[in-house]
Amino acid sequence: MKKVFTLMVCALVVTALSCSKKTTAVSDTKKATVTYALNIQPLLESKCAPCHLPAKGGNKTDFSTYEAAKSYVDPMLERVQLAAGTKGFMPMKREALSAEEIALLKKWKEEGLAK
Ligand code: HEC
């Protein structure tokens, strides 16, 4: 009888151990494919200049830093997706961004706004 009890205790310990192992966090280290330095800064510098870049003589909201781009990503996305020429549309008085350029901004946001 004592032997059966010992076996049961062993079985319980083994079960508990294997269960606790399963709770190991699933690693979430997927690398961002769109970054500010590689994709977003060049996009803003070519399409939102000179108005939003003080270095180029712009006097509108400054989009020349990572922090600024990051905090304005939502209004940027909203405005570049308005119909060209309507109130609030950006880039103002210019051709609309391409679908690829808009997708890039969206992806940057979805992936967590990598620097
Ligand atoms: C020809 C000049 C010009 C260009 C180019 C331009 N903008 Fe603007 N932008 C303005 C002006 C003027 C305003 C202020 C009036 C308004 O809010 O509509 C403004 C305001 C904004 C705002 C609101 C800022 C705030 O402080 O609330 C956002 C967001 C914006 N622009 C995004 C963009 C993006 C993104 C681009 C490039 C893809 C761009 N703009 C290109 C002139 C420009």
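Per-chain numbering applies: the sequence of each chain, read as written, is numbered from 1 onward. Two thresholds apply to this predicted model, a pLDDT of at least 70 for residue-level local features and 80 or more for giving and counting side-chain atom pairs, whereas whole-chain, interface and lining totals are computed over all residues. For the side-chain quantities, the full set of heavy atoms in the structure was used; hydrogens and water were omitted.

## Examining the coordination of the iron atom of the ligand
How we decide: Only N, O and S atoms count as donors, using a 2.8 Å limit from the metal and a wider 3.2 Å limit for Na, K and Ca, and since water is excluded some coordination spheres may look unfilled. Each label reflects the angles at the metal, where four donors whose angles all fall between 85 and 135 degrees are tetrahedral, four or six donors whose opposite pairs open beyond 155 degrees and whose other angles stay between 65 and 115 are square planar or octahedral respectively, and the rest are irregular. A run of H or I in DSSP becomes a helix once it reaches four residues, and a run of E becomes a strand once it reaches two; helices and strands are each numbered from the N terminus. Note on classification: 1.4 Å probe, protein chains only; a residue is buried when its accessible area is under 20% of the maximum for its type, exposed when over 50%, partly exposed between these limits.
Looking at the iron atom of the ligand, the protein donor atoms are His52 (NE2) and Met90 (SD), and they sit 2.0 to 2.3 Å from it. Bound by 6 donor atoms, the iron atom of the ligand shows angles of 85 to 178 degrees at the metal and therefore octahedral coordination geometry. You can see His52 sitting in the loop between helix H2 (36-47) and helix H3 (66-71) and its partner Met90 sitting in the loop between helix H4 (73-80) and helix H5 (99-110), a full 38 residues away along the chain. Of the two residues, His52 and Met90, neither departs from the other in class, the shared state being buried.

## As for the side chain of His52
Put simply, the rule reads: We call two residues in contact when some of their heavy atoms are within 4.5 Å.
The buried category is assigned to His52, whose relative accessible area is 12%. In this view, His52 contacts Lys60, Thr61, Asp62, Phe63, Ser64 and Met90; residues no more than four positions away in its chain are not counted.

## As for the site of the ligand
Applicable threshold: Any residue with a heavy atom lying within 4 Å of a molecule or strand is counted as near it. Between N or O atoms, a polar contact is any pair within 3.5 Å; within protein, one atom must be a potential hydrogen donor and the other a potential acceptor, and residues adjacent in sequence are included only when both atoms are from side chains. Under the convention adopted here, Pro, Cys and the residues Ala, Val, Leu, Ile, Met, Phe, Trp and Tyr are nonpolar, Asp, Glu, Lys and Arg are charged, and Gly plus all remaining residues are polar.
Close contacts around the ligand come from 18 residues, with Cys48, Cys51, His52, Thr61 and Met90 the closest. One of the side-chain N or O atoms of His52 is found 2.7 Å from a nitrogen atom in the ligand. Note that an oxygen atom of the ligand is positioned 2.9 Å from one of the side-chain N or O atoms of Arg79. The element best represented in the shell around the ligand is H4, accounting for 4 residues. Residues belonging to the shell around the ligand are distributed by class as follows: 12 nonpolar, 2 polar and 4 charged.

## Structural notes on the environment of Ala114
Mapped onto the elements of the fold, Ala114 is located in the segment after H5. A relative accessible area of 18% places Ala114 in the buried class. For Ala114 and Lys70, which are 44 residues apart along the polypeptide, the C-alpha to C-alpha distance reads 9.0 Å. Setting aside its immediate chain neighbours within four residues, Ala114 contacts Ala32, Val34, Thr35, Tyr36, Tyr66 and Trp108.

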